[in-house]
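Fold and contact review
The residues making up each chain are set out below.
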Amino acid sequence: MIIDMPGGAYTLREPVTWPVVDAPASSRVVYAAAHVVADPLGDNTPGSPAAVDWDATLRFRRHLWSYGLRVADAMDTAQRNMGLDWAATKELIRRSAAEARSFGDPAALVACGAGTDHAPDAADLRAITAAYTEQLETVQAAGAGVIIMASRQLARVASGPKDYHQVYGELLGLAERPVILHWLGEMFDPQLAGYWGSADVAAATESFLELIHAHPSKVDGVKVSLLDEEHEVGLRAALPAGVRLYTGDDFNYPSLIKSGSHALLGIFDAIAPAAAAALRALDAAEQGTDPARNFALYDEILAPTVPLSRKIFETPTYNYKTGIVFLAWLNGHQDAFAMVNGAQSARSLVHLSEVFRLADQAGLLADQELAVRKMKALLEVNGL
């Protein structure tokens, strides 16, 4: 099959049929950070309250669970701080946790972000802690696991590590179950520069570890999105026993997972079938079943997904959500290439065309005829 694209004609590869993998990985705990599906007939112009297609949004979470992946919800992949307002976020948390009950324990299947984005004017530690508490209690009341997200408001107000430790210490005291702490780098959100009390990564890491070592029983794991493989390996080794490192490195995830990191990744939203198959091979290898062949299979499956991920997450990294939703649209998980806050316009047609090519090369166009038909329609509406 051939399609005329910017840069010339492109011949699609032979289609790939991924095996059905409906059981979670045994060697790693793996979350896919899931996007929300915008209502294409809703007013999702920039600055408007989010209008969500709830049926399609929940259907996509069922798609992820069907591959044995856990779901990380109401996080940056779901456009927190980029169009998903608190009213829609609360509804998303409630609906996702309720939907998870059809598959098992919501606390095991879905973890949701608790932050302070509904209180943009919070100006002191007391107000920031109160905002965090409201969201944490919302997640716990829904029955989901808790991910304590990085706070723009805390980054703005905190004078140093002591302030972070005070706020997070209070929150950990309120947690009913161990939580995931999220360290989101400034490449994902420039307003989080200097998080944990220092612009120096080594000093910030020391502050972060001090907090975790003070509350090890309250921390299930840490989700680190700094796109620095060497730093992540060092941090992973320094964590207390029993505290997981969930890689959030969408550039280096194959090697980090292989070497021992768990995962909480936005790219797994887009590559769920390949991720599930690779994790099954990793399980087999680590259980002693033909390790050489299964480690090689793990590498073989994930290798072509890395150029795709690096393209989707290229600078400016925070616009990666557009590529994630674009692939969901190509693969028939939603009817329209539409996003809350009008964010479908955040990437160029040339960028999206390259995402199409790389997704095909990774075997991640589920129905090539459907994807080509949609890609041609997008090119045509843009005058090509």
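See above for the structure.
All values derive from a computational prediction rather than experimental measurement.

A few points about the overall build of the protein chain
For the protein chain, the helix and strand inventory stands at 16 helices and 10 strands. A globule of 384 residues ought to have a C-alpha radius of gyration of about 21 Å, and the protein chain, at 20 Å, matches this closely. Along the first, second and third principal axes, the C-alpha atoms of the protein chain reach 60 × 55 × 40 Å. Here the protein chain, with 384 residues, has 59% of them falling under the buried criterion. Here the analysis covers contacts within the protein chain between residues at least 6 apart in sequence; of these, 72% occur between residues at least 24 apart. Counting only carbon and sulfur atoms, one obtains 51% of the accessible surface of the protein chain, whose full area is about 15000 Å². Here the protein chain carries 31 positive and 46 negative side-chain charges, and the mean point of each set is 3 Å from the other.

Things to note about the sheet that holds strand β8 (residues 219-225)
The sheet built from 8 strands closes into a barrel, its strands ordered β3-β4-β5-β6-β7-β8-β9-β10 with parallel pairing. Here the average twist between neighbouring strands, direction ignored, is 25°. Note: β8 against strand β9 (residues 244-247), 4 bridges, orientation parallel. Paired with V224 across the strands is T247, a residue of β9. On top of the sheet, helix α2 (residues 86-100) reaches β4 (70-73) and β5 (110-114); it is set at about 165° to β5, its chief contact. Contacting β7 (179-184) and β8, helix α7 (residues 201-214) crosses the sheet at an angle of about 170° to β7.

Observations regarding the environment of D55
Structurally, D55 can be placed in helix α1 (residues 54-66). D55 gets classed as exposed once you look at its relative accessible area, which sits at 59%. In sequence terms D55 and S225 are 170 residues apart; their C-alpha atoms lie 30 Å from each other.

Focus on the packing of aromatic side chains
Within this structure, the stated rule accounts for 16 aromatic pairs. These aromatic residues form a ring-pair network of at least three members: Y132, Y164, Y168, W183, Y195, W196 and F208.

A word on the pairing of β4
The pairing of strand β3 (residues 30-33) with β4 spans 3 bridges and is parallel. Counted as the bridge partner of Y31 is R70 from β4. Of the crossover connections in this fold, the one passing from β3 over α1 to the parallel β4 is right-handed.

Some remarks on the nonpolar core
One recurring pattern in soluble globular proteins is that nonpolar side chains are buried together. Of all hydrophobic cores here, the largest spans 127 residues; its most connected members are L181, Y195, F268 and F356. Among the elements that make up this core, the one with the highest residue count is helix α11 (residues 272-286) (9 residues). Setting aside its immediate chain neighbours within four residues, F268 contacts V30, Y31, A32, L64, L69, Y253, I257, A263 and A275. The next biggest cluster of nonpolar side chains, apart from the first, holds 10 residues, and it includes V29, Y31, A72 and I147.

Observations regarding unusual backbone geometry
In this structure, P316 follows T315 across a cis peptide bond, with omega equal to -5°. Among the secondary structure elements, P316 is positioned in the loop between α13 (305-312) and α14 (320-330). The phi dihedral of N81 falls on the positive side, at around 65°, and the residue is not glycine. Locating N81 in the fold gives a position in the loop between β4 and α2.

Considering the pairing of strand β1 (residues 2-5)
Moving residue by residue along a regular strand, the side chains alternate between the two faces of the sheet. Alternating positions in β1 separate cleanly, I3 and M5 being buried on one face and I2 and D4 remaining unburied on the opposite face. Two elements, β1 and strand β2 (residues 8-11), share 4 bridges in a ladder whose sense is antiparallel. Looking at β2, one finds that I2 is bridged to T11. Between β1 and β2, which follow one another and run antiparallel, lie 2 residues, and G7 among them has a positive phi close to 100°.

Details of α14
For α14, the tally of buried residues reaches 11 of 11 residues, placing the bulk of the element in the interior. The set of residues buried in α14 consists of Y320, K321, T322, G323, I324, V325, F326, L327, A328, W329 and L330. Check the buried side of α14 and you find it contacts α10 (267-270), α13, α15 (349-361) and α16 (368-381). Backbone geometry just downstream of α14 places G332 in the positive-phi region, at approximately 80°.

Considerations on the packing of α1 against α2
It is the contact of α1 with α2, at a shortest axis distance of 10 Å, that shows an interaxial angle of 45°. The angle between the axes of α1 and α2 places the two elements in the oblique class. For the element pair α1 and α2, the recorded crossing hand is right-handed. Contacts between α1 and α2 involve W54, T57, L58, R61, R62 and W65 on the former and, on the latter, A88, E91, L92, R95, S96, E99 and A100.

A few points about the side chain of N319
In this structure, N319 sits in the loop between α13 and α14. Once residues lying within four places of it in the same chain are set aside, the contact partners of N319 are M82, A346 and R347.

Quick look at the packing of α7 against helix α8 (residues 229-238)
Between α7 and α8, the least distance of the axes is 11 Å, while the angle of their chain directions is 25°. By the angle between their axes, α7 is roughly parallel relative to α8. Here the hand of the crossing between α7 and α8 comes out right-handed. Contacts between α7 and α8 involve V201, T205, F208, L209 and H213 from the first element and H231, L235 and A238 from the second. A per-class count over the contact of α7 with α8 returns 5 nonpolar, 3 polar and no charged.

Each value, and the rule that gives it
- Along each chain, residues carry numbers from 1 onward, in the same order as the chain's sequence is written.
- In keeping with the model being predicted, local features are shown solely for residues with a pLDDT of at least 70 and side-chain atom pairs are shown and tallied solely at 80 or more, while totals for entire chains, interfaces and linings include all residues.
- Note that water and hydrogens are dropped before the side-chain values are worked out from all heavy atoms of the structure.
- Runs of H or I in DSSP of at least four residues are treated as helices and runs of E of at least two as strands, each being numbered from the N terminus.
- In this treatment the radius of gyration is a C-alpha quantity, and the globule benchmark scales as 2.2 Å times the residue count to the 0.38 power.
- The buried label goes to any residue with under 20% of its type's maximum accessible area, the exposed label to any with over 50%, and the partly exposed label to all in between, with areas taken from a 1.4 Å probe on protein chains only.
- Note on definitions: a residue-residue contact is assigned when non-hydrogen atoms from the two residues lie within 4.5 Å.
- Only the protein chains shown count as cover for residues, and all accessible areas are computed by the Shrake-Rupley method using a 1.4 Å probe.
- In this count, Lys and Arg are taken as positive residues and Asp and Glu as negative ones, while His and the chain termini are left out.
- Every charge is mapped to an atom, namely NZ of Lys, CZ of Arg, CG of Asp or CD of Glu.
- Here the rule is simple: two strands pair whenever DSSP picks up at least two bridges between them.
- Angles run from 0 to 180 degrees between N-to-C directions of axes, and those axes are lines fitted to C-alpha atoms, restricted for helices to the stretch in contact.
- Centres within 6.5 Å are what make two rings of Phe, Tyr or Trp a pair, Trp counting through its six-membered ring; a difference in plane orientation under 30 degrees is then read as stacked, over 60 as edge-to-face, and the rest as tilted.
- A clockwise path from the first strand over the helix to the second, with the strands pointing away from the viewer, defines a right-handed crossover.
- Only buried residues count toward a nonpolar core. Its members are Ala, Val, Leu, Ile, Met, Phe, Trp, Tyr and Cys residues joined through side-chain atoms within 4.5 Å.
- Between 65 and 115 degrees an angle is taken as roughly perpendicular, under 35 as roughly parallel, over 145 as roughly antiparallel, and anywhere else as oblique.
- Working rule for handedness: look at the near helix, and if it is turned counterclockwise from the far one by less than a right angle, call the crossing left-handed; if clockwise, right-handed.
- Each residue gets one of three labels, nonpolar for Ala, Val, Leu, Ile, Met, Phe, Trp, Tyr, Cys and Pro, charged for Asp, Glu, Lys and Arg, and polar for the others, Gly among them.

Honestly, that's just the spatial picture; any functional story needs more than this.
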